[in-house]
Amino acid sequence: MFMPRATGLILLFYGVFHLAMGLGQGELPWLMTAVLLGIGSAALLLFQPWSRKVVYATALAAAAVGLISQVSTASQAGVNVPLAIVIWALWTSLWLAVAYVGARYLPGGEAALDTI
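First things first, this report covers the structure right here in the doc.

## Structural notes on the packing of helix α3 (residues 51-77) against helix α4 (residues 81-104)
Phase 1 of the analysis: Here α3 crosses α4 at 170°, and the two axes come no closer than 10 Å. Here α3 is positioned roughly antiparallel relative to α4, judged by the angle of their axes.

Here is the structure:
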């Protein structure tokens, strides 16, 4: 029960960071990823049987929104798009890994809760 809650808090911190960036820059994709990461964080913190699907769906949706935004912004700014995709992949892999680790320890998961 510790691991889902710890990773839920980490996802919440990522969501708050995205919220601050979205409000500071006035960009909708940052706000959208903040909301999606917040929903995933809540699913991990609630520790319910449906939480795994919600965590995976919100993390992947946030990654998709981030990729679309990154490519669009890079194109408009005249920046190297493949480099922008690499940067997006590095940043996104952090919260995808956190979501995956947290979801593994939810009820009905592959990892045994007794090992925590």
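## Things to note about a nonpolar patch on the surface
Phase 1 of the analysis: A cluster of nonpolar side chains, namely L9, L12, F13 and V16, defines an oily patch on the protein surface of about 370 Å² accessible area.
Phase 2 of the analysis: Examined against the element boundaries, V16 turns out to sit in helix α1 (residues 2-25).

## Overview of unusual backbone geometry
Phase 1 of the analysis: In the Ramachandran plot, F47 falls in the positive-phi region, its phi being about 60° despite a non-glycine side chain.
Phase 2 of the analysis: For F47, the location among the structural elements is in the loop between α2 (28-46) and α3.
Phase 3 of the analysis: Overall, the relative accessible area of 15% leaves F47 in the buried class.

## Observations concerning the packing of α1 against α4
Phase 1 of the analysis: Put simply, α1 and α4 touch, their axes get as near as 8 Å, and they point 155° apart. It follows that α1 is roughly antiparallel to α4 by the angle criterion. Judged by the sense of rotation from one axis to the other, the crossing of α1 with α4 is left-handed. Between α1 and α4, the contacting residues are M3, P4, T7, I10, L11, Y14, F17 and H18 on the first element and W91, L94, W95, V98, A99, V101 and G102 on the second.
Phase 2 of the analysis: When its residues are assigned to classes, the contact of α1 with α4 shows 12 nonpolar, three polar and no charged.

What counts as what
Residues numbered from 1 in each chain as written. Predicted model: local features only at pLDDT ≥ 70, side-chain atom pairs only at ≥ 80, totals over all residues. Heavy atoms only, no water. Axes fitted to C-alpha atoms, helices over the stretch in contact; angles between N-to-C directions. Helix = DSSP H or I, 4+ residues; strand = E, 2+ residues; numbered from the N terminus. Parallel < 35°, antiparallel > 145°, perpendicular 65-115°, else oblique. Patch = residues over 30% accessible without salt bridge, like charges linked within 9 Å, V, L, I, M, F, W, Y side chains within 5 Å. Areas by Shrake-Rupley, 256 points an atom, 1.4 Å probe, with all protein chains shown as cover. Salt bridge = Lys/Arg side-chain N within 4 Å of Asp/Glu carboxyl O. Buried < 20%, exposed > 50% of the residue type's maximum accessible area, 1.4 Å probe, protein only. Left-handed = near helix turned anticlockwise from the far one by under 90°. Contact = heavy atoms within 4.5 Å. Nonpolar A, V, L, I, M, F, W, Y, C, P; charged D, E, K, R; others polar.

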